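# Survey of secondary and tertiary structure
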Amino acid sequence: MMLIHDDLLDSLSQEAKDHPRKRRNHNFHTSLADPINRMLNALEPESYVCPHKHEGPDKREVFIRLKGRLAVFYFDDAGAVTDQVVLGSDEGNYGVEIPAGTWHTIVALESGTIVYEIKDGPYHPEDDKHFAPWAPREGSAEASVYLQKLLSLLGADGHV
């Protein structure tokens, strides 16, 4: 049995806070070759996930919010935001399935945000994600400015 409990969530959240990337995952799949990748993903608001898509091979991705609040942004091929949703109790939105080949990113809106992530496997780092050519890379000076630009699309209270 693989149990998701408070101690696991608290520990993972602390690891994310302490990590330079401000995120950590906890895998439930035991092999990268698993046909379904399942993991907890803890993110802090300062974490930047470069917009990307999963195609060639095509992979769906699902996020189910367990704690905190998370914004999900969708983009067209030119980098314009085409849709956005906030996952959180106040919004009544708890999960989202992102179709294969869809440009997207996620942004933690509260400290301690944790999602259960499900993605088609197997995981091969060389072709798992195709990063958007129009978005700054993680760790670049432009990444935090871009993150703030995305957040500005949400209302002043962090709602869509």
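The preceding data block contains the structure.
Residues numbered from 1 in each chain as written. Predicted model: local features only at pLDDT ≥ 70, side-chain atom pairs only at ≥ 80, totals over all residues. Heavy atoms only, no water.

### A short note on the pairing of strand β2 (residues 36–43)
What counts, and what does not: The cut-offs for exposure are 20% and 50% of the maximum accessible area for each residue type, with area from a 1.4 Å probe on protein chains only; residues under the lower value are buried, those over the upper are exposed, and the others partly exposed. A run of H or I in DSSP becomes a helix once it reaches four residues, and a run of E becomes a strand once it reaches two; helices and strands are each numbered from the N terminus. Should DSSP find at least two bridges between two strands, the strands are regarded as paired.
With 6 of 8 residues buried, β2 lies mostly within the body of the structure. Relative to β2, strand β1 (residues 23–27) runs antiparallel, the two being bridged by 5 bridges. The residue bridging histidine 26 from the neighbouring strand is leucine 40, located in β2.

### A short note on the sheet that holds strand β7 (residues 95–98)
This is how the line gets drawn: Axis geometry follows a simple rule: fit a line to the C-alpha atoms, using only the stretch in contact for helices, then measure angles between N-to-C directions, giving values from 0 to 180 degrees. We call two residues in contact whenever any of their non-hydrogen atoms come within 4.5 Å of each other.
Read across the open sheet, the 5 strands follow the order β1-β2-β9-β4-β7; overall the sheet is antiparallel. Of all the strands in the sheet, just β1 and β7 have a single pairing partner and so form its edges. If you compare each strand with its neighbour and ignore which way they point, the axes differ by 20° on average. Along the sheet, helix α1 (residues 6–18) contacts β1, β2, β4 (61–67) and β9 (113–120); its crossing angle with β1, the most-contacted strand, is approximately 140°.

### Observations regarding the environment of alanine 78
Locating alanine 78 in the fold gives a position in the loop between β5 (70–75) and β6 (81–87). A residue is classified by how much of its surface remains accessible, and alanine 78, at 65% relative accessible area, is exposed. Spatially, the C-alpha atom of alanine 78 lies 10.0 Å from that of tryptophan 103, the residues being 25 residues apart in sequence.

Note that all results are geometric; they support no functional claim without further evidence.
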